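Descriptive structure summary
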Amino acid sequence: GEQEEVLGHIVAELFEFQGTLEDEDGLCVFVMPTSAVGAVIGAKGSKISEIMSESGAEIDVGRECIIGMPDNPVVLRGRPGQIVRA
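First, a word on what this report is: a plain description of the structure on this page.

Conventions used here
Residues numbered from 1 in each chain as written. Predicted model: local features only at pLDDT ≥ 70, side-chain atom pairs only at ≥ 80, totals over all residues. Heavy atoms only, no water. Buried < 20%, exposed > 50% of the residue type's maximum accessible area, 1.4 Å probe, protein only. Core = buried A, V, L, I, M, F, W, Y, C linked by side-chain atoms within 4.5 Å. Helix = DSSP H or I, 4+ residues; strand = E, 2+ residues; numbered from the N terminus. Contact = heavy atoms within 4.5 Å. Salt bridge = Lys/Arg side-chain N within 4 Å of Asp/Glu carboxyl O. Expected span 1.5 Å × (residues − 1). Pairing = 2+ DSSP bridges. Axes fitted to C-alpha atoms, helices over the stretch in contact; angles between N-to-C directions.

Of note, Lys-44 is a non-glycine position whose phi angle comes to about 55 degrees, a positive value. Under the relative-accessibility criterion, Lys-44 is labelled exposed at 90%.

What follows is the structure, given as structure tokens:
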């Protein structure tokens, strides 16, 4: 839908800024409220495993808050379409 289209543009701009080609794996780093981390990871990692399996992207959620912020870093690795799906 429209959200995927917008995210696709953002990821494409990020890849271009990083000098990463569309057919290469790239990185997308963002922050997630600590309160949402549990819902994304799920019981024993079930939800994050499902997201990675369905999208093809690798996801690494930082275990500790960013100093001075109530948020955790999240790193997505993959091709643009994989990152958007995740």
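Resuming the write-up.
Before going further, it helps to spend a moment on the nonpolar core. Counting 13 residues, the largest nonpolar core has Val-11, Ile-59, Val-61, Val-74, Leu-76 and Ile-83 as the members making the most contacts within it. Elements supplying a minimum of two residues to this core: α1 (2–18), β1 (26–33), α3 (46–55), β2 (58–61), β3 (71–78) and α4 (80–85). In this structure, Leu-76 is in contact with Gly-26, Leu-27, Cys-28, Phe-30, Glu-58, Ile-59, Ile-83 and Ala-86, ignoring residues within four places of it in sequence.

Two side chains bearing opposite charge may form a pair once their charged atoms approach each other closely. Counted by the stated rule, this structure contains two salt bridges. Here Asp-25 makes a salt bridge to Arg-79, at a shortest N to O gap of 3.2 Å. Residue Asp-25 is located in the loop between α1 and β1, and its partner Arg-79 is located in the loop between β3 and α4; the two are separated by 54 residues in the primary sequence. Looking at Asp-25, the relative accessible area reads 49%, which means it is partly exposed. For Arg-79, a relative accessible area of 37% puts it in the partly exposed group. As a salt-bridge pair, Lys-47 and Glu-50 come within 3.7 Å of each other at their nearest N and O atoms. Pair noted here: Lys-47 and Glu-50 are both in helix α3, with a separation of three residues, about one helical turn. Among the residues examined, Lys-47 registers a relative accessible area of 35% and is labelled partly exposed. On the basis of relative accessible area, Glu-50 is assigned to the partly exposed category, the value being 37%.

Moving on: the environment of Ser-35. With respect to the helices and strands, Ser-35 occurs in helix α2 (residues 34–41). Residues Ser-35 and Pro-80, 45 residues apart in the sequence, show an inter-C-alpha distance of 27 Å.

We now examine α1. Count 3.6 residues to each turn of an α-helix, and residues three or four apart come out pointing the same way. Taking 1.5 Å per residue as the helical rise, α1 with its 17 residues ought to reach 24 Å, and the 24 Å between its terminal C-alpha atoms agrees with that figure. Phi turns positive one or two residues past the end of α1, at Gly-19, with a value near 75 degrees.

So, on to the environment of Val-29. For Val-29, the position within the fold is in strand β1. Non-local contacts of Val-29, meaning those with residues more than four positions away in its chain, are made with Val-74 and Val-75.

Attention now goes to the sheet that holds β1. Strand order in the open sheet formed by three strands is β1-β3-β2, and the pairing between neighbours is antiparallel. Looking at which strands have only one partner, the edges of the open sheet turn out to be β1 and β2. Neighbouring strand axes in the sheet, compared pairwise and without regard to direction, differ in orientation by 20 degrees on average. Sheet topology places β1 next to β3; eight bridges connect them, and they run antiparallel. Of the residues in β3, the one forming a bridge with Val-29 is Val-75. Across the sheet, α2 lies against β1, β2 and β3, angled at about 120 degrees from β1, the strand it touches most.

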